[in-house]
Amino acid sequence: MGSLPYAADAESPLKPAELQVLRSQYDKEGEYVSLQTKFNFAWGLIKSDSRQDQQEGVRLLSEIFRASPDRRRECLYYLALGNYKLGNYAEARRYNDSLMELEQGNLQAQSLRSLIDDKVAKEGLMGVAIVGGLAAAAAVGVGMLVRGAQRARR
């Protein structure tokens, strides 16, 4: 397989023609698709901007992960990456942590871990802001109800 890309490389999708080459090869091999062809196609799908393609890529990699113990290390990174792109940060972290246990010095896994942590922190802050906004809106609503009830008593 060679070296894996840094996580940021996954943000640049393949050109449609490049993904089509991988899809055609995968379809041509049919039910006897080789592990390498399946892996290459899954990799291309995960790089895609299409959520549906990313989901299919994660599904194919999960099949490879379960069926081929000797390919698990390669799958771990791309399963983490695919889940990250889909917004499944807990799953992404789980796969990435498994890879980091096997390879503590893996720069791609470290890079991806930073991306996951940043996204979780950013979405956590957005969640806090949303909850805070909802609480403020609820407080205003309750205040209006209380004022309305007080006016009705007078």
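Scoring rules and cut-offs
Residues numbered from 1 in each chain as written. Predicted model: local features only at pLDDT ≥ 70, side-chain atom pairs only at ≥ 80, totals over all residues. Heavy atoms only, no water. UniProt positions renumbered as here; feature names shortened; annotations may be inferred. Helix = DSSP H or I, 4+ residues; strand = E, 2+ residues; numbered from the N terminus. Buried < 20%, exposed > 50% of the residue type's maximum accessible area, 1.4 Å probe, protein only. Contact = heavy atoms within 4.5 Å. Salt bridge = Lys/Arg side-chain N within 4 Å of Asp/Glu carboxyl O. Core = buried A, V, L, I, M, F, W, Y, C linked by side-chain atoms within 4.5 Å. Expected span 1.5 Å × (residues − 1).

The protein appears in an unreviewed UniProt entry as Mitochondrial fission 1 protein from Baudoinia panamericana. UniProt lists a comment for the protein under the heading Sequence similarities (unreviewed entry), and it reads "Belongs to the FIS1 family." Under the UniProt heading Subcellular location (unreviewed entry), the note attached to the protein is "Mitochondrion outer membrane".

### Description of the overall build of the protein
When its secondary structure is counted, the protein shows six helices and zero strands. Walking the protein from its N terminus toward its C terminus, one meets helices and strands in the order α-α-α-α-α-α. Taken over 154 residues, the protein has a buried fraction of 33%. Taking the contacts inside the protein whose residues are at least 6 apart along the sequence as the reference set, 56% of them involve residues at least 24 apart.

### Examining the side chain of Asn96
On the secondary structure map, Asn96 appears in helix 5 (residues 89-102). On the basis of relative accessibility, which here comes to 0%, the residue Asn96 falls in the buried class. Excluding its chain neighbours within four sequence positions, the residues that come into contact with Asn96 are Ala80, Ala109, Leu112, Arg113 and Ile116.

### Regarding the pattern of salt bridges
Enumeration over the complete set of coordinates arrives at 10 salt bridges. With a shortest N-O distance of 2.6 Å, Glu74 and Arg71 are connected by a salt bridge.

### Description of the nonpolar core
Judged by nonpolar contacts, the single largest core of 29 residues is most densely connected at Phe41, Leu61, Tyr78 and Leu112. Those elements giving two or more residues to this core turn out to be helix 1 (16-29), helix 2 (35-47), helix 3 (51-67), helix 4 (72-86), helix 5 and helix 6 (107-153). The element contributing the most residues to this core is helix 4, with nine residues.

### So, helix 4
Compared with the 21 Å implied by 1.5 Å per residue over 15 residues, the 20 Å span of helix 4 between its first and last C-alpha is a close match. Burial of helix 4 is extensive: 13 of the 15 residues sit out of reach of the surface. Gly87 sits one or two residues past helix 4 and shows a positive phi near 85 degrees.

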